[in-house]
Number of protein chains: 2
Amino acid sequence: MEKLQSAYLFPEISMREVQHIEKYPDAKLISLGIGDTTEPIPDIIASSMANYARSLSTAEGYSGYGAEQGNKALRKAIAETFYRDVRVKETEVFVSDGSQCDITRLQLLFGSNVSIAVQDPSFPAYVDSSVIIGQAGDFEDKTGMYGKIQYMKCLPKTNFFPDLATASRSDIIFFCSPNNPTGHAATRQQLEQLVKFAKENGSIIIFDSAYAAYISDDSPRSIFEIPGAREVAIEVSSFSKFAGFTGIRLGWTVVPEELSFSNGFPVINDFNRIVCTCFNGASNIAQAGGLACLSPEGFASVHSIIKCYKENAKILRDTFSSLGLKVYGGENAPYLWVHFPGSKSWDIFTEILEKTHIITVPGSGFGPEGEEFMRISAFGHKESIIEAARRLGNLYP
Amino acid sequence: MEKLQSAYLFPEISMREVQHIEKYPDAKLISLGIGDTTEPIPDIIASSMANYARSLSTAEGYSGYGAEQGNKALRKAIAETFYRDVRVKETEVFVSDGSQCDITRLQLLFGSNVSIAVQDPSFPAYVDSSVIIGQAGDFEDKTGMYGKIQYMKCLPKTNFFPDLATASRSDIIFFCSPNNPTGHAATRQQLEQLVKFAKENGSIIIFDSAYAAYISDDSPRSIFEIPGAREVAIEVSSFSKFAGFTGIRLGWTVVPEELSFSNGFPVINDFNRIVCTCFNGASNIAQAGGLACLSPEGFASVHSIIKCYKENAKILRDTFSSLGLKVYGGENAPYLWVHFPGSKSWDIFTEILEKTHIITVPGSGFGPEGEEFMRISAFGHKESIIEAARRLGNLYP
């Protein structure tokens, strides 16, 4: 625990936000920081949860402990909605209270004696949970990296994909697509290379597809679209950004039956035991909501909200581009990744906050290669985004 | 992971239940097994959750990520309801999705290099999470114990309290009161001894008070009723058995500011980082329900359900006593602990199931000292309990 460097990124940003509000109590702060959903849940989904909750006061509607792995109907609906063409079985779907929680349970599963690789930049939960479980080794101030973690550079010049020719072997590879923070959705060819690399090295990929619903082009929405992935990959995903469930808490993890440890034991059996021992299932009300999201009407309504967030991303892309900055992401993801060449990203964070009262996320919070970049979240009410774009347009008058 | 012995107790029982139903498809099975709540949630609480869920479809009512530690109002209500007289601050209360999940997060906090002690018998989650985190050492078939775990015998002859005079030092002591499975609520004097022992040895007590609401006499409902406990104890608790939230998922953990590691660092800071890194907070709908439970009307209605379960316990106590068996627990807890001298508890499980179609829990599932005992759950609809009592009354015709 002592090895964990400074605060976790987002609590640190929250602290700076509070300080800013104290300094400028009248400023109208806009957050493009923490990627938090802002639009109300579609009525059909909220009503399903409300009806479920109300029925808990009746003898017929009440239920106690559910299956730790999730309700059968929801597991089935997830398999059929997201994995219809890639033959994921409902028994391979484990419903969770969100992907961050499942990442920790996966770390528990693999334990402290495995080597891990992460994309650089990457979502901090992979590295931080790795430090907590004891895989990471010592933090090196000079490099800003932990000694035992492999940081695979994912830079614009290589289309945000690591150079696998020079990468060394790791037991576990965390890979997020569409990526948080860069907003890049890995291409089919990139994922084919990744799966091949994992297979050759006996590695397990933990594929985070929390933003898959934001993909507009033909980038794979699941690692399981890649032949051979069932032997090398676990997929972690979530209702948070898909359906605005950030506060409701619902996600899932797919562990294919074919995936095994080097001793041949199936990973799914051990993950099942972790889930049964360390978790009691997601809230039954949240699960009722998840099921409603996957009904035809619920699914359509959720996608209309995703469309709004993607329009926001377009507005913000155009704004940063108009400043002469290079902007990545935002087309298959709710995040932009904006390059400020030669600048420290915490300095840019402060400059933007002071000049425009807008919260952003410094790229360096996602790893050493995030320096010079800012992550801009496209979550927000339309009028806030338009106002943010107006203020940002005047950033360099 | 390979060291985990057989399946987790409750999934094993579920499997036997399924097999029994296949064998006797027409039998009317009654479960006094898994301690699962059966009575509907009081209307005021279900309505609060329903209203909250419905409001998520409105611009005013929607909210995304909440604080990882839980909503301020709920933390405050927990501190004021359960800890008014023992000066627990709301900032020391961490809201969770249930105590089993928090036990795992506490194991993550302490890591693999600590020694642990458990009551024998005890709720299996302590030992199993310890095995998963890597503290437990090897399982010894001969003793039925893990080599590096200290099993503190809690037997009827010592009023279910360990012999601390002969106990060796452990870094962490798991202690559950009212106890699952024995149903014994530790007396004030017992807990004073425990706190003194922890203080003398530099141990941290993880006190599980999930059944505190079932206490009828003046046994302490919280470890923090004991002077000095704030320097040596963490308390884990839950809405599951208190308010029938087994499927809704809500609990809490109290980490006092005074509690520190041997290097002097406050435990609360590190637990806060675990919570922020590995957890995204309990479902906001569940938290709305929790708050309703702690309103005067909600609190009263929840207690009227607890009263029903305790009446069930009385019926079952009388039944087993009438068979000439020695029965413990059931007065301060929803569990009875019934002694079948000279018998193997899995044999008794099978005998009761075959003769009466009633599911119970073999005491040996809770540790070596649980052999010869059965845990009987008093959760159930009144008519089922009456029918179960009728069948059990004829167990030895």
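Definitions and cut-offs
Residues numbered from 1 in each chain as written. Chains lettered and ligands numbered in written order. Predicted model: local features only at pLDDT ≥ 70, side-chain atom pairs only at ≥ 80, totals over all residues. Heavy atoms only, no water. Salt bridge = Lys/Arg side-chain N within 4 Å of Asp/Glu carboxyl O. Helix = DSSP H or I, 4+ residues; strand = E, 2+ residues; numbered from the N terminus. Expected span 1.5 Å × (residues − 1). Buried < 20%, exposed > 50% of the residue type's maximum accessible area, 1.4 Å probe, protein only. Phe/Tyr/Trp six-rings, centres within 6.5 Å; stacked < 30°, edge-to-face > 60°. Lys NZ or Arg CZ within 6 Å of the ring centre and 35° of its normal. Least-squares fit on C-alpha atoms with pLDDT ≥ 70 in both. Contact = heavy atoms within 4.5 Å. Lys, Arg positive; Asp, Glu negative; His and termini not counted. Buried area = accessible area lost by both parts, 1.4 Å probe. Polar contact = N/O pair within 3.5 Å; in protein donor to acceptor, adjacent residues only side chain to side chain. UniProt positions renumbered as here; feature names shortened; annotations may be inferred. Pairing = 2+ DSSP bridges. Axes fitted to C-alpha atoms, helices over the stretch in contact; angles between N-to-C directions. Parallel < 35°, antiparallel > 145°, perpendicular 65-115°, else oblique. Left-handed = near helix turned anticlockwise from the far one by under 90°.

Caption draft 1: Layout of the pattern of salt bridges. All names here are of chain A. Inspection of the entire model under this criterion finds 46 salt bridges over all chains. Here glutamate 311 makes a salt bridge to lysine 382, at a shortest N to O gap of 3.3 Å. With a gap of 71 residues between them, glutamate 311 in helix α10 (residues 296-322) and lysine 382 in helix α12 (residues 382-393) connect regions that are remote in the sequence. Linking aspartate 318 and lysine 314 is a salt bridge whose minimum nitrogen-to-oxygen distance equals 2.8 Å. Taken together, the residues aspartate 318 and lysine 314, both in helix α10 and four residues apart, mark about one turn of the helix. By sharing partners, the salt bridges in this structure join Arg87, Glu92, Arg230 and Glu258 into a single network.

Caption draft 2: Quick look at helix α4 (residues 99-110) of chain B. Residues and elements named next belong to chain B. Here α4 is 12 residues long and its end C-alpha atoms lie 16 Å apart, about the 16 Å a rise of 1.5 Å per residue gives. Counting buried positions over the 12 residues of α4 gives 12, a clear majority of the element. Restricting attention to buried positions, one finds in α4 the residues Ser99, Gln100, Cys101, Asp102, Ile103, Thr104, Arg105, Leu106, Gln107, Leu108, Leu109 and Phe110. Following α4 by one or two positions, glycine 111 has its phi on the positive side, about 75°.

Caption draft 3: How the structure looks around the packing of aromatic side chains. According to the stated counting rule, one finds 53 aromatic pairs over all chains in the structure shown. Ring pairing ties together the aromatic residues Phe82, Tyr83, Phe224, Phe239, Phe242, Phe245, Trp252 and Phe299 of chain A, which thus form one cluster. Above the ring of tryptophan 346 of chain A, the side-chain terminus of arginine 16 of chain A is found at 4.0 Å from the ring centroid. Note that arginine 105 of chain B overlies the ring of phenylalanine 279 of chain B, its terminal NZ or CZ placed 4.0 Å from the centroid.

Caption draft 4: Up close: the relation of the copies chain B and chain A. Relative to chain A, chain B is turned by 180° and slid 0.0 Å along the rotation axis, the superposed coordinates differing by an RMSD of 0.0 Å. Here the two chains are linked by the operation of a two-fold rotation axis. Closest approach to the rotation axis among the C-alpha atoms of chain B is made by alanine 50 of chain B, whose C-alpha sits 2.0 Å away. Here 100% of the interface residues in chain B have copies in chain A that are interface residues too; the copies meet face to matching face.

Caption draft 5: Molecular detail of the side chain of lysine 310 of chain B. With respect to the secondary-structure elements, lysine 310 of chain B resides in helix α10 (residues 296-322). Here lysine 310 of chain B sits buried without a salt bridge, and the closest side chain of opposite charge, aspartate 217 of chain B, lies 8.1 Å off (N-O distance).

Caption draft 6: Spatial organisation of the interface of chain B and chain A. In this assembly, 62 residues from chain B lie in contact with 62 residues from chain A. In total, about 5200 Å² of surface goes out of reach between chain B and chain A, with carbon and sulfur atoms giving 58% of it. The interface formed by chain B and chain A includes zero salt bridges. The interface formed by chain B and chain A holds 26 residue pairs in polar contact (both at pLDDT 80 or more) in total. For the side of chain B that touches chain A, the elements supplying multiple residues, two or more each, are α2 (43-55), α4, α5 (124-133), α8 (267-278) and α9 (284-293) of chain B. The greatest single-element share of the side of chain B that touches chain A, amounting to eight residues, is contributed by α2 of chain B.

Caption draft 7: Layout of the UniProt feature "domain: Aminotransferase class I/classII large" (unreviewed entry) in chain A. UniProt annotation of "domain: Aminotransferase class I/classII large" (unreviewed entry) refers to residues 28-391 of chain A when read in the numbering used here. Span residues 28-391 of chain A is 37% helix and 16% strand, its end C-alpha atoms 11 Å apart.

Caption draft 8: Broad picture of the environment of isoleucine 215 of chain A. Residues and elements named next belong to chain A. Within the secondary structure layout, isoleucine 215 lies in the loop between β8 (204-208) and β9 (233-238). The exposure class assigned to isoleucine 215 is buried, which follows from its relative accessible area of 5%. The spacing of isoleucine 215 and proline 334 is 119 residues in sequence and 9.6 Å in space, taken between C-alpha atoms. With residues near it in sequence (within four places) discarded, isoleucine 215 still touches Pro178, Ala185, Pro220, Arg221, Lys310 and Asn332.

Caption draft 9: Quick look at the pairing of β9 of chain A. Residues and elements named next belong to chain A. Of all the six residues making up β9, six are buried; the element is thus mostly covered by neighbouring parts of the structure. Of the two faces of β9, the one lined by Ala233, Glu235 and Ser237 and the one lined by Ile234, Val236 and Ser238 are each fully buried. Bridge analysis of β8 against β9 gives four bridges, and the strand direction is parallel. Bridging from a neighbouring strand, isoleucine 205 pairs with alanine 233 of β9. Across four bridges, the pairing between β9 and strand β10 (residues 251-254) is antiparallel.

Caption draft 10: Structural detail: the packing of helix α5 (residues 124-133) of chain A against α8 of chain B. Two elements in contact, α5 of chain A and α8 of chain B, have axes separated by 10 Å at closest approach and are oriented at 140°. Considering the angle they form, α5 of chain A stands oblique to α8 of chain B. In this structure, α5 of chain A meets α8 of chain B at a crossing whose hand is left-handed. In this structure, α5 of chain A contributes Asp128, Ser129 and Ile132 of chain A to the contact, and α8 of chain B contributes Ile274, Thr277 and Cys278 of chain B.

Caption draft 11: Quick peek at the sheet that holds strand β11 (residues 326-329) of chain B. Residues and elements named next belong to chain B. Across the sheet, four strands lie side by side as β11-β12-β15-β14; this open sheet has antiparallel pairing. Two strands in the sheet have a free side with no partner beyond their single neighbour: β11 and β14 (361-362). Here β11 runs beside strand β12 (residues 335-339); their pairing, made up of four bridges, is antiparallel. Paired with valine 327 across the strands is valine 338, a residue of β12. Sheet contacts for helix α11 (residues 345-356): β14 and β15 (373-377); angle to β15, the most-contacted strand, approximately 50°.

Caption draft 12: Region of interest: helix α3 (residues 72-82) of chain A. Taken together, the buried positions of α3 of chain A are occupied by Leu74, Arg75, Ala77, Ile78 and Ala79 of chain A. As for α3 of chain A, its buried residues are in contact with β2 (93-96), β10 and α9 (284-293) of chain A.

Caption draft 13: Summary view of the sheet that holds strand β6 (residues 149-153) of chain B. Residues and elements named next belong to chain B. Strand order in the open sheet formed by seven strands is β2-β10-β9-β8-β7-β3-β6, with mixed pairing between adjacent strands. If you trace the sheet from one side to the other, it starts and ends with β2 (93-96) and β6, each paired once. Here the strands of the sheet are splayed against their neighbours by 20° on average, with no regard to which way each runs. The strands touched by α8 are β2, β8 (204-208), β9 (233-238) and β10 (251-254); relative to β2, the strand with the most contacts, the crossing angle is about 25°.

Caption draft 14: Unusual backbone geometry, seen in detail. All names here are of chain A. Residue proline 121 is reached from aspartate 120 by a cis peptide bond, and omega for that bond is 5°. Checked against the element boundaries, proline 121 lands in the loop between β3 (116-120) and α5. In this structure, proline 181 follows asparagine 180 across a cis peptide bond, with omega equal to 25°. Positionally, proline 181 belongs in the loop between β7 (172-176) and α6 (188-201). In the Ramachandran plot, phenylalanine 160 falls in the positive-phi region, its phi being about 60° despite a non-glycine side chain. The backbone of histidine 357 sits at a positive phi, close to 55°, despite the residue not being glycine. Here histidine 357 shows up in the loop between α11 (345-356) and β13 (358-359). Residue histidine 357 is classed as buried on the basis of its relative accessible area of 19%.

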